[in-house]
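Summary of the model geometry
Here's the letter readout for the chains.
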Amino acid sequence: MKAALFHEHGDIEVLKYGDIDTPTPGPGEVLVEVKACSLNHLDVWVRRGLPGLKLPLPHIGGSDIAGVVAGLGPGAQGCEVGQRVVVDPGLSCGRCAWCEAGEHSLCDRYGIIGEHTRGGFAQYAVVPDRNVLPLPDGVPFERAAAAPLVYLTAWRMGRRAGVRAGQSVLVVGAG
């Protein structure tokens, strides 16, 4: 498959477009044919290299994925081949006290697709089945791929601030 990847950390020059093996979904994983993947500033930071982040190289960035389910690993549930999906980029164990309380980003195993695992700047991406969400037919892939990681950031900020239904929030910058 084709992918935008890097073999070393650095500026934009380290980013290459090339061939890499198509991933195979493992137990509880889904193979997504990527139709759109947006660029988040996290992708730039990961490519440049973050202190303490050890990645197997070559690495494929891209946290914000929308596409079509192309395959299911053993035991994968909640979706079917051919289904339109958007991917929740937050990775967590799903079993610890934080996850059970709905605070997935506080999980000791928390990570982000495209940062801690290979992401969606490729023809295909493998993600956990619990991270795949149905995408309605009327929502374009490009629009769906623009939301996931920024949504997680906004949701977490609202939780930390204790924002409740009916309250107002001032947004001082948006892109």
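Heads up: these notes are all about the structure in this document. This is a predicted model, so every value here is computed, not measured. (Residues numbered from 1 in each chain as written. Predicted model: local features only at pLDDT ≥ 70, side-chain atom pairs only at ≥ 80, totals over all residues. Heavy atoms only, no water.)

1. Some remarks on unusual backbone geometry
In this model, L57 is joined to P58 through a cis peptide bond whose omega is 5°. Considering the arrangement of structural elements, one finds P58 in the loop between α1 (41–48) and β4 (64–72). (Helix = DSSP H or I, 4+ residues; strand = E, 2+ residues; numbered from the N terminus.)

2. With respect to the side chain of R84
Residue position: R84 is located in strand β5 (residues 84–87). At 2.3 Å, the side chain of R84 and the backbone oxygen of V139 are in polar contact. Those residues in contact with R84, other than ones at most four positions away along the chain, are G67, L133, P134, L135, P136, D137, V139, P140 and F141. (Polar contact = N/O pair within 3.5 Å; in protein donor to acceptor, adjacent residues only side chain to side chain. Contact = heavy atoms within 4.5 Å.)

3. A few points about the side chain of D129
Looking at the secondary structure, you find D129 in the loop between β8 (124–128) and β9 (132–134). One buried charged residue, D129, remains without a salt bridge, the closest side chain of opposite sign being R130 at 5.3 Å. (Buried < 20%, exposed > 50% of the residue type's maximum accessible area, 1.4 Å probe, protein only. Lys, Arg positive; Asp, Glu negative; His and termini not counted. Salt bridge = Lys/Arg side-chain N within 4 Å of Asp/Glu carboxyl O.)

4. Description of the packing of aromatic side chains
Here the structure, examined in full by the defined rule, presents zero aromatic pairs. Between R84 and the ring centre of F141, over which it is positioned, the NZ or CZ distance is 4.3 Å. (Phe/Tyr/Trp six-rings, centres within 6.5 Å; stacked < 30°, edge-to-face > 60°. Lys NZ or Arg CZ within 6 Å of the ring centre and 35° of its normal.)

5. What to know about the sheet that holds β4
Here five strands make up an open sheet; going across it, the order is β8-β3-β4-β5-β9 and the pairing antiparallel. The open sheet terminates on both sides in strands that have one partner only, identified here as β8 and β9. For this sheet, the mean angle separating the axes of adjacent strands, direction not counted, is 45°. Direction of pairing for strand β3 (residues 29–38) relative to β8: antiparallel, over a ladder of five bridges. Residue V32 lies in a different strand from β8, and its bridge partner there is A125. (Pairing = 2+ DSSP bridges. Axes fitted to C-alpha atoms, helices over the stretch in contact; angles between N-to-C directions.)

6. Description of the nonpolar core
Ranked by size, the top nonpolar core spans 14 residues in total, and within it V30, V32, I65, V127 and V132 carry the most contacts. Considering every element that reaches this core, the biggest residue donor is β3, with three residues. Within the second largest apolar cluster, nine residues are counted, among which are F6, L42, I112 and L152. (Core = buried A, V, L, I, M, F, W, Y, C linked by side-chain atoms within 4.5 Å.)

7. Digging into the pattern of salt bridges
Within the structure shown, the criterion is met by four salt bridges. The partner of D11 in a salt bridge is R48, with the nearest N and O atoms 4.0 Å apart. Highlighted residues: D11 in the loop between β1 (2–6) and β2 (15–19) and R48 in helix α1, separated in sequence by 37 residues. Take D11: its relative accessible area is 46%, and that puts it in the partly exposed class. Owing to a relative accessible area of 47%, R48 belongs among the partly exposed residues under this scheme.

By themselves, these figures tell us nothing about what the structure is for.
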